[in-house]
Amino acid sequence: MVGAPGRNGVFAEAHDSSEWVGNNGEMGAVYAFHKQNMSWVEWQRLQAPDRNASDAFGSALALTDSLLVVGAPGRQNGQGAAYCFRLLPTGQWQYESPLTQSGNSFGASLAMDGNTLAVASPEGSGEVNIYVRNGLQWILVDQLDPLSSSPQRAFGFSLDLNNDTLCIGAPGLNDEGRLFIYANGPGGWSLLQELSAPDATTGQGFGHSVMRLGDQIIVGEPNHGSAYVFWNNGTNWIPFTTLRSGIANDFFGASLAGDVLAGNLYIGAEGADNEAGKVYGFQRNNVGIWSETHVLTESNPEPGERFGHVLQNRDGEIFIGAPLRSTQADRPNKTTGGAIHIEQAF
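A brief report on the enclosed structure follows. Source: prediction; values computed, not measured. (Residues numbered from 1 in each chain as written. Predicted model: local features only at pLDDT ≥ 70, side-chain atom pairs only at ≥ 80, totals over all residues. Heavy atoms only, no water.)

Describing the overall build of the chain
And then number 1: Helix and strand counts for the chain stand at two helices and 28 strands.
And then number 2: Buried positions account for 52% of the 346 residues belonging to the chain.
And then number 3: A separation threshold of at least 6 residues defines the contact pool for the chain, and within that pool the share at least 24 residues apart is 44%.
And then number 4: Surface summary for the chain: the accessible area is close to 14500 Å², and the carbon and sulfur share equals 46%. (Helix = DSSP H or I, 4+ residues; strand = E, 2+ residues; numbered from the N terminus. Buried < 20%, exposed > 50% of the residue type's maximum accessible area, 1.4 Å probe, protein only. Contact = heavy atoms within 4.5 Å. Areas by Shrake-Rupley, 256 points an atom, 1.4 Å probe, with all protein chains shown as cover.)

Description of the sheet that holds strand S24 (residues 278–284)
And then number 1: If you walk across this open sheet you meet the four strands as S22-S23-S24-S25, and the pairing is antiparallel. Taken across any chain shown, the strands that pair with only one partner, and hence form the sheet edges, are strand S22 (252–259) and strand S25 (290–296). Strand after strand, the sheet turns through a mean of 25° between neighbouring axes, direction not considered.
And then number 2: In this sheet, S24 lies alongside strand S23 (residues 264–269) in antiparallel orientation, the contact comprising six bridges. Across the sheet, the residue bridging to Asn-264 is Gln-283, located in S24. (Pairing = 2+ DSSP bridges. Axes fitted to C-alpha atoms, helices over the stretch in contact; angles between N-to-C directions.)

Considering the side chain of Asn-313
And then number 1: Relative to the elements of secondary structure, Asn-313 occurs in strand S26 (residues 311–314).
And then number 2: Among the polar contacts made by the side chain of Asn-313, one reaches the side chain of Asn-264 at a distance of 2.9 Å.
And then number 3: Apart from the residues lying within four places of it in its own chain, the contact partners of Asn-313 are Ala-257, Gly-258, Asp-259, Asn-264, Tyr-266, Ile-318 and Ala-345. (Polar contact = N/O pair within 3.5 Å; in protein donor to acceptor, adjacent residues only side chain to side chain.)

As for the pattern of salt bridges
And then number 1: Tallied over the entire structure, the rule returns 15 salt bridges.
And then number 2: Between Asp-215 and Arg-284 there is a salt bridge; the shortest N-O distance is 3.1 Å. Taken together, the residues Asp-215 in the loop between strand S18 (209–213) and strand S19 (216–221) and Arg-284 in strand S24 connect sequence positions 69 residues apart.
And then number 3: Taking relative accessible area as the criterion, Asp-215 reaches 31% and is therefore assigned partly exposed. (Salt bridge = Lys/Arg side-chain N within 4 Å of Asp/Glu carboxyl O.)

And the structure:
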């Protein structure tokens, strides 16, 4: 799946032999590509049935084998919505219904695992709604809010849902950022732990991105170009190491992708080289240490294209978004475009 929410955005999600691309302009659309004979071929285009200007449909995507949820945080003057689709036996995706909640930017961030769906409204203070699939309906079962007094905490800016553990980034909290880890148990979802950067400073933005890889959680903090690795000691998540590119203002840590079985990790640095962007590849050894192995760049980089803005790693391939990659005809003014680059994962 790949989404491009507007002229200046792209979001990627890949699953099995399908790739989705969203491009919303003002209203939004999601494009599906299917892999045939080693090439990606467009095979379906989805839009919201009640689409309107500035919906930003395609800003976020969540996907399983048979379910697709598309975020439209601009819907209804910024209140937002999440649109649900179901895979038919014919291989086509059929629209089911929208999810809505009062608040701001509902659907800006999504995470889905099995029959559980997390939908964030991160604008301002933020909250995260938890849904469980029951038949053909999504049932709201919980609303998560850390009860902080910070008015601009951006709770839910990033999400990672893995089994019964949900990681929620709040990069605006206390002007430093936090990561909240929730666990699902017999009594519902409860706050398990709150993480901050070991070297927290003002304006840091810790929690901009997050990914769990087995016994480690990686948290991106691109304002200062860092990706923090936390390790689970059996009881708590504790600081383990910090990864950096060593290049100032490259926005290293803006995006994350990895494969726990392959032991690889990719970290986007979309601000590198005058915002042409780079992606750094790391390999994990048998004691959990990450070592940089290579750097990916676009073959014909353009300043400002933001290669590495979003990342997904699926089935041995890494999908890299460059939301401001322009077409040849439009290259002088960069008002349209966007691209997804596909590389073989190591």
